[in-house]
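What follows is each chain in one-letter form.
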Amino acid sequence: MSTGTGFKAEVICGDATCEGATPICCVIAEVKSCAAYAGSFSCGEDPTSTTMSCDDHDDCLGGQTCCVNESAPAGGISYSCSYAPCPTHESCLPGGTCIGGRPCVADAAQASGGKCM
């Protein structure tokens, strides 16, 4: 979620907001924590971890959206900014909107809590 007048990625991560020096939300064994950016190893080497550098399109540059990507073959998931269409689906925060004005539907199976429909 982005706030203010300029671009500023802020990723909701459990009770915390990941930003600044720790902009990545890591979800490992259902535990959420903020981490510094370290490329593909931001969340360590657990192949089943979820790495979130965004949680909705407001965290991305203009024209991009937050895409959910499944990492093969390990099975990890990453949330990252990209141009639509997303390989799997677009991420969002419940109550928010998606690219094109589509609704964000609450989905507890998503690390962001929502899924664009």
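Before any of the text, the structure's been laid out above.
Thresholds applied
Residues numbered from 1 in each chain as written. Predicted model: local features only at pLDDT ≥ 70, side-chain atom pairs only at ≥ 80, totals over all residues. Heavy atoms only, no water. Salt bridge = Lys/Arg side-chain N within 4 Å of Asp/Glu carboxyl O. Helix = DSSP H or I, 4+ residues; strand = E, 2+ residues; numbered from the N terminus. Buried < 20%, exposed > 50% of the residue type's maximum accessible area, 1.4 Å probe, protein only. Pairing = 2+ DSSP bridges. Axes fitted to C-alpha atoms, helices over the stretch in contact; angles between N-to-C directions. Polar contact = N/O pair within 3.5 Å; in protein donor to acceptor, adjacent residues only side chain to side chain. Contact = heavy atoms within 4.5 Å. Disulfide = S-S within 2.5 Å.

(A) Here's a closer look at the pattern of salt bridges. By the definition in use, this model includes one salt bridge. Between arginine 102 and glutamate 90 there is a salt bridge, with its nearest N and O atoms 2.5 Å apart. Here arginine 102 is found in the loop between β8 (89–92) and β9 (104–106), whereas its partner glutamate 90 is found in strand β8, with twelve residues between them in sequence. Residue classification places glutamate 90 among the buried positions, given a relative accessible area of 6%.

(B) Structural detail: the pairing of strand β4 (residues 31–35). Bridging between strand β3 (residues 24–28) and β4 involves five bridges; their strand directions are antiparallel. When the bridges of β4 are listed, cysteine 26 appears paired with serine 33. Here β3 hands over to β4 after two residues, with alanine 29 in that stretch at a positive phi of 55°.

(C) Quick peek at the sheet that holds strand β7 (residues 77–82). Within the open sheet, the eight strands sit side by side as β4-β3-β5-β7-β6-β8-β10-β9. Their pairing is mixed. The open sheet has two free edges, formed respectively by β4 and β9, since each of these has just one partner strand. When strand polarity is set aside, the average angle formed by the axes of neighbouring strands in this sheet is 35°. Strand direction decides the pairing type here: β3 and strand β5 (residues 50–52), joined by three bridges, are antiparallel. When the sheet's bridge partners are listed, cysteine 26 is paired in β5 with threonine 51.

(D) Geometry of the side chain of serine 49. Position of serine 49 relative to the elements: it lies in the loop between β4 and β5. For serine 49, a relative accessible area of 8% translates into the label buried. Polar side-chain contacts of serine 49 include one of 3.1 Å to the backbone oxygen of aspartate 46. Setting aside residues no more than four positions away along its own chain, serine 49 makes contact with Val27, Ile28, Cys43, Gly76 and Ile77.

(E) Focus on the environment of glutamate 19. With respect to the element layout, glutamate 19 can be found in the loop between β2 (16–18) and β3. Here glutamate 19 falls in the partly exposed class, since its relative accessible area comes to 28%. The spacing of glutamate 19 and alanine 9 is ten residues in sequence and 6.5 Å in space, taken between C-alpha atoms.

(F) Examining the state of the cysteines more closely. Here the structure, examined in full by the defined rule, presents eight disulfides. The disulfide partner of cysteine 18 is cysteine 34, and the gap between their sulfur atoms is 2.1 Å. On the sign convention where negative is left-handed, the bridge of cysteine 18 and cysteine 34, at about -85° about the S-S bond, is left-handed. A residue pair is termed long-range when its members are at least 10 positions apart, and cysteine 18 in strand β2 and cysteine 34 in strand β4 qualify at 16 residues. A relative accessible area of 0% places cysteine 18 in the buried class. Relative accessible area serves as the criterion here: at 27%, cysteine 34 is assigned to the partly exposed category. Disulfide partner of cysteine 54: cysteine 66, at an S-S distance of 2.1 Å. Disulfide cysteine 54-cysteine 66: torsion about the S-S bond near 85°, hence right-handed. Linking cysteine 54 in the loop between β5 and β6 (65–70) with cysteine 66 in strand β6, this pair joins segments that are twelve residues apart in sequence. Assessed through its relative accessible area of 0%, cysteine 54 is described here as buried. You can call cysteine 66 buried: its relative accessible area is 0%.

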